[in-house]
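Spelled out, the chains give:
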Amino acid sequence: MPEPFALPCTVYRLRMAARRATRLYDAHLAPSGLGIAQFGLMQVLSMRGGSTVTEVAAILDMDRTTLTRNLTPLVRQGFVDLCAGPDRRSRSVTITPAGRRKLKQALPMWRKAQDAVRASLGAANVSSLHALLDAAVVRLPGE
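Predicted model only: the values in this text are computed from it and were never measured.

*Asks:* An account of the sheet that holds strand S2 (residues 80-84) is needed here, citing residue identities and associated values.
*Replies:* Judged by pairing direction, the sheet is antiparallel, and its three strands sit side by side in the order S1-S3-S2 without closing on themselves. Strand pairing shows two members of the sheet lacking a second neighbour, strand S1 (51-52) and S2, which therefore form its edges. Relative to strand S3 (residues 91-95), S1 runs antiparallel, the two being bridged by two bridges. Its bridge partner lying in S3, Ser-51 is registered against Val-93. The strands that helix H2 (residues 36-48) touches are S1, S2 and S3; relative to S3, the one it contacts most, it runs at about 95 degrees.

*Asks:* So what about the environment of Leu-24? Which residues, and what values?
*Replies:* Tracing the backbone shows Leu-24 in helix H1 (residues 10-29). For Leu-24, a relative accessible area of 25% puts it in the partly exposed group. Each C-alpha atom of the pair Leu-24 and Trp-110 lies 10.0 Å from the other, and the pair is 86 residues apart in sequence. If we ignore the near neighbours within four places in the chain, the residues touching Leu-24 are Ala-113, Ala-116 and Val-117.

Basis of the calculations
- Residues numbered from 1 in each chain as written.
- Predicted model: local features only at pLDDT ≥ 70, side-chain atom pairs only at ≥ 80, totals over all residues.
- Heavy atoms only, no water.
- Pairing = 2+ DSSP bridges.
- Helix = DSSP H or I, 4+ residues; strand = E, 2+ residues; numbered from the N terminus.
- Contact = heavy atoms within 4.5 Å.
- Axes fitted to C-alpha atoms, helices over the stretch in contact; angles between N-to-C directions.
- Buried < 20%, exposed > 50% of the residue type's maximum accessible area, 1.4 Å probe, protein only.

Limitation: the analysis is restricted to geometry and does not speak to function.
Written out as structure tokens, the structure is:
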């Protein structure tokens, strides 16, 4: 394996850590049939109720096209509904009852992934990491 910190680049380190964390969460969530991206998206929809695609994209700090691409398999599986929004140019997205059941099934698996991260990094480091990442989201330019 190449030296992981050979590049003095913040985003390189963030992306490497994100890929590892994604693999860990995806492995824990695998029995549910959801990946961490789908799980997180469904969590947001569950907490928000109905929202437009634009609103959800803004919450997730994601392009609308990327969000739509991530929604497509969830719509196909019947976990999410995508329909006409409040005006002609918008679309509304909601979690379905089947989606809520799937989310409830996956929640204990997600908790185990959270516990695995906490066990690997330590609770204090996880708290510090959350604080640093929250600060980065607030302070780094959005566009």
